[in-house]
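# Residue-level structure breakdown
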Amino acid sequence: MNEQIRAREVRLVGPEGEQVGIVPLERALQLAADVDLDLVEVAPMARPPVCKLMDFGKFKYESALKAREARRNQQQTVIKEMKLRPKIDPHDYETKKGHVVRFLKAGDKVKVTIMFRGREQSRPELGYRLLRRLESEITELGYVESAPKQDGRNMIMVLAPHRAVKASAVAATASRGGPRERTAEEPAATVAAESAVTSESAAAGETGTTADTSGQ
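What this report covers is the structure whose coordinates are included nearby. Because the structure is a prediction, the values reported are computed rather than measured. (Residues numbered from 1 in each chain as written. Predicted model: local features only at pLDDT ≥ 70, side-chain atom pairs only at ≥ 80, totals over all residues. Heavy atoms only, no water.)

## Focus on the nonpolar core
Formed by 21 residues in total, the largest nonpolar core has its most connected members in Leu84, Val110 and Leu159. Of all elements in the fold, only strand E5 (79–84), helix H3 (90–105), strand E6 (109–115), helix H4 (124–137) and strand E8 (154–161) reach the threshold of two or more residues within this core. Considering every element that reaches this core, the biggest residue donor is H3, with five residues. Setting aside residues up to four positions removed in sequence, Val110 forms contacts with Lys80, Met82, Val100, Phe103, Leu104, Met157, Val158 and Leu159. If you look at the next biggest cluster of nonpolar residues, it comprises 10 residues, including Val10, Leu39, Cys51 and Leu53. (Core = buried A, V, L, I, M, F, W, Y, C linked by side-chain atoms within 4.5 Å. Buried < 20%, exposed > 50% of the residue type's maximum accessible area, 1.4 Å probe, protein only. Helix = DSSP H or I, 4+ residues; strand = E, 2+ residues; numbered from the N terminus. Contact = heavy atoms within 4.5 Å.)

## Digging into the sheet that holds strand E7 (residues 142–151)
Pairing within the open sheet is mixed, and its four strands lie in the order E5-E6-E8-E7. Edge positions in the sheet fall to E5 and E7, since each of these pairs with one other strand and no more. Neighbour-to-neighbour, the strand axes of the sheet open up by a mean angle of 20°, direction not taken into account. Here E7 runs beside E8; their pairing, made up of seven bridges, is antiparallel. Bridging across to E8, Ser146 finds its partner in Val158. The sheet contacts of H3 involve E5, E6, E7 and E8, and relative to E5 the element is tilted by about 170°. (Pairing = 2+ DSSP bridges. Axes fitted to C-alpha atoms, helices over the stretch in contact; angles between N-to-C directions.)

In short, geometric facts, not functional conclusions.
Given below as structure tokens:
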């Protein structure tokens, strides 16, 4: 910027984006001083380098505002987890399905895990049917991002919200002042664990972010 520029001549761009042409550095600096602006090198690798006349302080301020606005409106990708048993009773199933619906409406992905125990491991079709049932009942809100697959004693399926649902969640979050700040090191599993509630508590009317408990 300004006297820090080392090139002998530069391709100059005016404050409104107009092309001035190739001029000696001294001439470009004089033009900047005449209009009380900075000479900023915007393409140093070009030959000759491209410089623009601008108010650099104002440029930095406006860039910071745009970055802050982008962060405020950014929807963090969070994966919630819901665990079920293949022989879950109807009441627990409806409770857990309600949590899945709430997560999708909030714009979050949901990892649904069917946990097999003992002889249940010989009946994977039970878990597959349960996941397909859940899929059919949330089609208005989301879709299957990762199809059901066996992982040891568990069967896992990942649901994701439809684009329109997620857009509505982003708009609602922005109107409330933006999402909670999270550090880059904070894993999604930690977020889910922090807000875990039991299905019994959820049925009793307690509010929570996730219900990460297995059905009986």
